[in-house]
Amino acid sequence: MNLSNLKPAEGSTKNRKRIGRGTGSGRGGTSTRGHKGAGSRSGKKTKIGFEGGQMPLQRRVPKVGFKNPNRVEYVGVNLDVLQELTDKYTLTTIDFATLREHGLASKNDLIKILGRGELKAKLEVTAHAFTATAQKAIEAAGGTIVKL
């Protein structure tokens, strides 16, 4: 075998349509464009979503809701998750670096500590935000909170 006798597999390729090569080809005359109208002319371009003058779908469907451009998105971490981390790795402080290390946050995340579960360990927790219940639970267990 050499490069001169390489061929694609049988039936894997097709010949392309050769348009505008005379009436005998079956694709001559109007060259598959039909008669008259914008679609038959050269240089025909339409906008995305154009439906031939019919009201386009994106204008027929009603607008719903509102997206606040100033929304602050937090990644929630619950107290029971903090307790599990403390039990497993015997931690006394939990901060952003610790949460990243254990796969609970990524580089640009903002962390919010949420109040689900109970906390028995005395921890110093550093995060961007805390819920009121989480704050009470941490302080009740003898820990401290630090807001970033």
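Heads up: these notes are all about the structure in this document. (Residues numbered from 1 in each chain as written. Predicted model: local features only at pLDDT ≥ 70, side-chain atom pairs only at ≥ 80, totals over all residues. Heavy atoms only, no water.)

For the rest of this paragraph, the subject is the nonpolar core. Among the nonpolar cores identified, the biggest contains 19 residues, and Leu82, Leu99, Ile111 and Ile113 are the most heavily contacted of them. Secondary structure elements with two or more residues in this core: helix H2 (79-89), helix H3 (96-101), strand E3 (110-114), strand E4 (124-127) and helix H4 (132-140). With three residues, the single largest contributor to this core is H2. Once residues within four sequence positions are removed from consideration, Ile113 is found in contact with Val77, Leu79, Leu82, Val125, Ala127, Ala129, Phe130, Thr131, Ala134 and Ile138. (Core = buried A, V, L, I, M, F, W, Y, C linked by side-chain atoms within 4.5 Å. Buried < 20%, exposed > 50% of the residue type's maximum accessible area, 1.4 Å probe, protein only. Helix = DSSP H or I, 4+ residues; strand = E, 2+ residues; numbered from the N terminus. Contact = heavy atoms within 4.5 Å.)

Right, let's talk about the pattern of salt bridges for a bit. A pair can form between side chains of opposite charge whenever their charged atoms are brought close. This structure, assessed with the given rule, holds three salt bridges. Here Arg60 and Glu51 are joined by a salt bridge, their closest N and O atoms 3.2 Å apart. With relative accessibility at 30%, the residue Glu51 sits in the partly exposed group. The closest approach of N and O atoms between Asp80 and Arg116, which form a salt bridge, is 3.0 Å. One end of the pair, Asp80, is in helix H2; the other, Arg116, is in the loop between E3 and E4, and 36 residues separate them in sequence. (Salt bridge = Lys/Arg side-chain N within 4 Å of Asp/Glu carboxyl O.)

Taken together, Met1, Leu3 and Leu6 make up a surface patch of nonpolar side chains, about 450 Å² in accessible area. Summarising the element assignment, Met1 is placed in the segment before helix H1 (57-60). (Patch = residues over 30% accessible without salt bridge, like charges linked within 9 Å, V, L, I, M, F, W, Y side chains within 5 Å. Areas by Shrake-Rupley, 256 points an atom, 1.4 Å probe, with all protein chains shown as cover.)

In this section: the side chain of Thr126. Along the chain, the position of Thr126 falls in strand E4. In contact with Thr126, other than residues within four places in its own chain, are Ile94, Asp95, Phe96, Val146 and Leu148.

Right, let's get into the side chain of Thr98. On the secondary structure map, Thr98 appears in helix H3. Excluding residues within four positions of it along the chain, Thr98 makes contact with Leu91 and Thr93.

A word on the environment of Thr86. Here Thr86 lies in helix H2. The exposure class assigned to Thr86 is buried, which follows from its relative accessible area of 8%. Sequence separation of Thr86 and Lys147 is 61 residues, and the distance between their C-alpha atoms is 20 Å. When sequence neighbours within four positions are dropped, the list of residues in contact with Thr86 reads Leu91, Ile94, Ala121 and Leu123. A polar atom in the side chain of Thr86 sits 2.6 Å from the backbone oxygen of Leu82. (Polar contact = N/O pair within 3.5 Å; in protein donor to acceptor, adjacent residues only side chain to side chain.)

Nothing here speaks to function; it is geometry throughout.
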